[in-house]
Amino acid sequence: MKNIKKMLKEQACGVLPDGHVKENIKRELGLAETERSLAPAHGGEIAAKDRRKWLIPLIAGALAAALLLGILLPLFLRKSGSVPNLPLDNNKFAEITDADSFYAYGAASVGALLAASGTASEQALPAAKALSVNMSNANAAPSDDARIDVLNRYMSLVEGLLSEGAIDAENVTGAYGYEFGMTVTLGNLLGGGAVYSLYYDKIYRSGKQEGEEREESYAIRGLLVTGDAQYPVEGNYETETEWDEAESELYFKAFTDDTNLSYIEVEQEYESEGGDEAETEREYVYSVYERGALIERTIAEYEQEDGSLELLLTIEREGLRETLQFRSGRESGESVLYADGTIDGERVRFTVYIREGLYHYVFDDGSYSDHDRYDDDDNDDDDDDDRFDDD
Amino acid sequence: MKNDTLERKIQALQRGDGTAFDYIYEHTHKSAYFAILYIVRDKMYAEDLLQETFVKALRSLSQYAAGTNFTAWLCTIARSLALNHIKKYRREVVTDFDADAYKFGTGEAEIPYLFDLAARILPEDEYEILMLCQIAGYKRREVAEMLGIPIGTVTWKNNEALKKLKREIKKEDGA
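This structure is a prediction, so every number in the text was calculated from the model and none was measured.

## Considerations on the overall build of chain A
In terms of regular secondary structure, chain A is built from eight helices and 16 strands. Put simply, chain A has 391 residues, and 53% of those count as buried. Pairs at least 24 apart in sequence give 49% of the contacts found in chain A among residues at least 6 apart. Accessible surface for chain A amounts to roughly 17300 Å². Of this, 45% is attributable to carbon and sulfur atoms.

Encoded structure:
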């Protein structure tokens, strides 16, 4: 019988409230007054500018749905012959056992998202900003490249989590005024890896023992360096153990503007429960906030299928929920990622060929697209070779 | 710490800072929504009632005792509105409403079977905890704070709810 938790999660999109409810409430409360004033629609440039403030999140949501549907609905692949090859002991999450390893993972994974979502050379261009730029530029249908960009942001993280070998962390001397430092390497499927640096102060917050209950709490504040960009970060590592139950509350967030309202955060969800139905689950939840508003939420977790390891990404955005299951493999000597999942209940499949400097997406209708692959070793990737073929 | 932030945002909203709404909504709406859904079992009605709940609550924000538990206060309003909705339908429709409440929504708004099953077989507290932990994505610690109960109780009720669902499905599979 299928796992109840998974069944609930799979059906959640049919239950959770739609994004329009929030906007309706705002309108009714007069919190979207500028938009409401446009309702009589005499038009005018001033009114249109005001409306953008409220419409951008709506447009972003709607277009995000359109983007992913546009990319993936045509992808009803019937791909066969792929062989999963990642052994179970490659679960990177299993390596996260203490605060240091958690912060190393946070730096590597958030660094990968930040680097992939913007241009590493541009100071602090966050995923949130990159996303909203894509959306706001697209008054009509977004370009095909923009569609792939949405998906592409996650590929370096997927590669890192499905690559062989551990996430390497090495202690280095503190810098930028911080006492501690570490460099973290997130591997990729071509055998290389991207290097990120984290400089931080460690703050011991609390620790107490009450009977059988033990609590420890550490936090960090510091700076994440990805290429030429630097992001202020903070993190928390908190665990609690009571009898045979354990719970951790861990997060690592990198701020992407000066207000501290825009950031990318990764949180660990970890539950270990004893009893007859003992089970351990760990997943990492990535949240992208812009000006205090949650734009996107993505859950990364490993799954074991047929003795091999797969990565499950669940992406939630404005009422749309898609799940994509990735596994690595090889085709004609090339490293590939097979993606399989559902979007709004529709089955989708596609293949990503991983090549130096680019990802080659192949869809079921024969179309393909080449997109930049973030590579820390290449600081001048040629981004003029993107193309999209709908043939 | 998160409750402190929520309280600050509520105070900001009371002062007229509309930007605080997003935070308040994101951190409380799922709890209120599932309180409603448990009662009405219809997505469309639950969404309407969620909207009504927020509008009513935020328009009477002065009645909220600062520093208590905003989410619990919101859920009280939500339940009250949902029960009023049910009463209204009881008056208007002569049928076995208890057994088929979810059918009074539109066909498109029916909730998936597993969620309907959960609403039918679980007590309200277990249902709410299950939804908040498994669907809304809250940590057990956050759920404990929201509901004002110990984290151990959240864990226990969450596990109980899962076991009951599993048992029920097994029973139905075997039937």
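Read on, since the account is not over.
## With respect to the overall build of chain B
Each helix and strand counted, chain B has nine helices and zero strands in total. Ordered by position from N to C terminus, the α and β elements of chain B give α-α-α-α-α-α-α-α-α. Within chain B, the fraction of its 175 residues that count as buried is 57%. Of all intrachain contacts in chain B linking residues separated by at least 6 positions in sequence, the fraction that spans at least 24 positions is 64%. For chain B, the computed accessible surface area is about 7800 Å², with 50% contributed by carbon and sulfur atoms.

## A look at the confidence of the model for chain B
Interpretation of the predicted coordinates at a detailed level should be avoided for regions scoring low in pLDDT. Residue and element names in this part refer to chain B. Averaged over all residues, the pLDDT of chain B equals 83, while 86% of them reach at least 70. Looking across chain B, the model is least confident in helix α5 (residues 97-100), with a mean pLDDT of 49, and most confident in helix α3 (residues 43-59), with 93. Contacts from residues 101-108, a stretch scored under 50 in pLDDT, to residues over four places away or in other chains number 16 contacts. Our summary of model confidence lists the complex with pTM equal to 0.51 and ipTM equal to 0.84.

## A word on the packing of aromatic side chains
Considering all chains together, one arrives at 21 aromatic pairs over all chains under this definition. Seen from their ring centres, Y25 of chain B and F54 of chain B are 5.1 Å apart, and the 50 degrees between their planes marks the pair as tilted. You can see Y25 of chain B sitting in helix α2 (residues 20-40) and its partner F54 of chain B sitting in helix α3, a full 29 residues away along the chain. The burial state of Y25 of chain B is the same as that of F54 of chain B; both residues are buried. Within the aromatic cluster, the residues linked to one another by ring pairs are F93, F102, Y103, Y105, Y237, Y284 and Y302 of chain A. Directly above the ring of Y263 of chain A sits K253 of chain A, whose terminal nitrogen or CZ lies 4.3 Å from the centroid.

## Topic: the nonpolar core
A general feature of soluble globular proteins is that nonpolar side chains tend to end up buried together. Counting residues in hydrophobic clusters, the biggest one holds 70 residues, and the most contacted among them are L8 of chain A together with F34, V40, F70, Y127 and M131 of chain B. It is α2 of chain B that contributes the most residues to this core, 13 residues altogether. Those residues in contact with F70 of chain B that sit more than four places away from it in its chain are L6, E7, I10, I24, T28, L58, L61 and Y64 of chain B. In this structure, Y105, L114, L313 and I354 of chain A belong to the second largest nonpolar core, which totals 60 residues.

## Digging into helix α6 (residues 113-121) of chain B
Within α6 of chain B the residues assigned to the buried category are L114, F115, D116, L117, A118 and A119 of chain B. Contacts made by the buried residues of α6 of chain B are with α1 (4-11) of chain A together with α2, α7 (124-135) and α9 (151-174) of chain B.

## Observations regarding the packing of α6 of chain B against α9 of chain B
Residue and element names in this part refer to chain B. Put simply, α6 and α9 touch, their axes get as near as 10 Å, and they point 110 degrees apart. Between α6 and α9, the interaxial angle falls into the category roughly perpendicular. The way α6 lies across α9 gives a crossing that is right-handed. For the pair formed by α6 and α9, the contact residues are Y113, L114, L117, A118 and I121 on the first element and K164, L165, E168, I169 and E172 on the second.

How each quantity is defined
Residues numbered from 1 in each chain as written. Chains lettered and ligands numbered in written order. Predicted model: local features only at pLDDT ≥ 70, side-chain atom pairs only at ≥ 80, totals over all residues. Heavy atoms only, no water. Helix = DSSP H or I, 4+ residues; strand = E, 2+ residues; numbered from the N terminus. Buried < 20%, exposed > 50% of the residue type's maximum accessible area, 1.4 Å probe, protein only. Contact = heavy atoms within 4.5 Å. Areas by Shrake-Rupley, 256 points an atom, 1.4 Å probe, with all protein chains shown as cover. pLDDT = per-residue confidence, 0-100. Phe/Tyr/Trp six-rings, centres within 6.5 Å; stacked < 30°, edge-to-face > 60°. Lys NZ or Arg CZ within 6 Å of the ring centre and 35° of its normal. Core = buried A, V, L, I, M, F, W, Y, C linked by side-chain atoms within 4.5 Å. Axes fitted to C-alpha atoms, helices over the stretch in contact; angles between N-to-C directions. Parallel < 35°, antiparallel > 145°, perpendicular 65-115°, else oblique. Left-handed = near helix turned anticlockwise from the far one by under 90°.

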